[in-house]
Amino acid sequence: MDDMPARAKAIEDFAAALRELRKSVGNPPFREMSGRSGAISHTTLHEATKGNRLPSWETTVEFVKACGADPAAYRERWERANLAVRSAGTGLEASAANVAEGRSAPSAPESRTSRPGGEIAGDVRPVPSAPEDRGRFRRNRPAALAVAAVGVVTAVLIAVAVSRGSGADGHSSNPSGSPSNSGLSAADCPIHATSPPWSPPAHEGDSAKFIGDITLTDCTRVGPRQTVTKVWRLKNAGTVPWKGYSLHRLDLPQRPDQCRTVSDIPIKDTRPGETVDIRTEITTPSKPGLCYVRFKMMEGSGRVAFPGGRPLNFQVIVG
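What this report covers is the structure whose coordinates are included nearby. (Residues numbered from 1 in each chain as written. Predicted model: local features only at pLDDT ≥ 70, side-chain atom pairs only at ≥ 80, totals over all residues. Heavy atoms only, no water.)

### What about the side chain of Q254?
- Within the secondary structure, Q254 is located in the loop between β4 (246-249) and β5 (264-266).
- One polar contact links Q254 to R249, side chain to side chain, over a distance of 3.0 Å.
- Within the local environment of Q254, its side chain forms a polar contact with the backbone oxygen of T261, the two atoms lying 2.8 Å apart.
- Those residues within four positions of Q254 in sequence are excluded, and the remaining contacts are R249, C259, R260, T261, V262 and S263. (Helix = DSSP H or I, 4+ residues; strand = E, 2+ residues; numbered from the N terminus. Polar contact = N/O pair within 3.5 Å; in protein donor to acceptor, adjacent residues only side chain to side chain. Contact = heavy atoms within 4.5 Å.)

Have a look at this one:
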């Protein structure tokens, strides 16, 4: 097809932009980037840089955030690439006509499914979705698997059904496991985070145990434009002393509708077996809603201490 070179170029150019971004921050390992995200696998991050297919917007957001950059700066570039891919896909209509008239159709594009635990293993997108549909893929493994075995017409129908569907609980599903703060309400609290892919700690023998929320337990109500103190209690449950450790906020940059905090919270040096209280000041936004903010523990040299552990979070209801 004449438009395939343009499609391939759009995908490769976007992959090159992601490679350049990663290079600009020192080419961190994909496993480390996965740990920073806490919501996406290292294989999906790696795949986004290969130029084989255009990554979903959700994957792009997590990739850019893991590099410490602003996803909003890549939105327009992704939309242009997505438009090029979608335009190249208009030839599917002709393929559908071939099937209706009994002629053969080309094989359906390869599909991928979400892995157990909620992290993205790939993009369930035989036909790429528009940015407005982000976070609305249903985890429909049978349908996704069927795409690889049937023709283009069936693939198109399944893609539309999946992109417009909602989760089994009646709420939209977010394949990244990292719900956006936008649109969250008291009814969404508490949010139960999914576990990232298993990964060893940065230092062998290191381990942390969550003891509890000392202040502001999940779903506490706080007034708008208020400054309050959040305190978590952790235990050094391993054999490695915590020296120079900190909590790094994952949800950056901070938006006006989010609770405001410092980006990095220092942790007092903690010996194995000791507990430590970690505190930060939170300023709530003026708009009612749910503040859901995640942090990852970083070890002294700046690496994620526990890539395979869930992020530490707070979630308070504003209003």
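Past the structure itself, the notes keep going.
### Regarding the state of the cysteines
- Scanning all chains against the criterion turns up 2 disulfides.
- Paired through a disulfide, C189 and C219 show a sulfur-sulfur distance of 2.2 Å. Its S-S torsion of about -105° marks the bond between C189 and C219 as left-handed, since a negative value means left-handed. Residue C189 is found in the loop between α8 (152-164) and β1 (208-213), and its partner C219 is found in the loop between β1 and β2 (220-222); the two are separated by 30 residues along the sequence.
- Classification of C219 by relative accessible area gives partly exposed; the value is 23%.
- A sulfur-sulfur separation of 2.3 Å characterises the disulfide bridge that pairs C259 with C291. With the S-S dihedral at roughly 100°, the linkage between C259 and C291 falls on the right-handed side. Note that C259 is positioned in the loop between β4 and β5 and C291 in strand β7 (residues 289-298), a separation of 32 residues in sequence.
- Using a relative accessible area of 0% as the deciding quantity, one classes C259 as buried.
- Overall, the relative accessible area of 1% leaves C291 in the buried class. (Disulfide = S-S within 2.5 Å. Buried < 20%, exposed > 50% of the residue type's maximum accessible area, 1.4 Å probe, protein only.)

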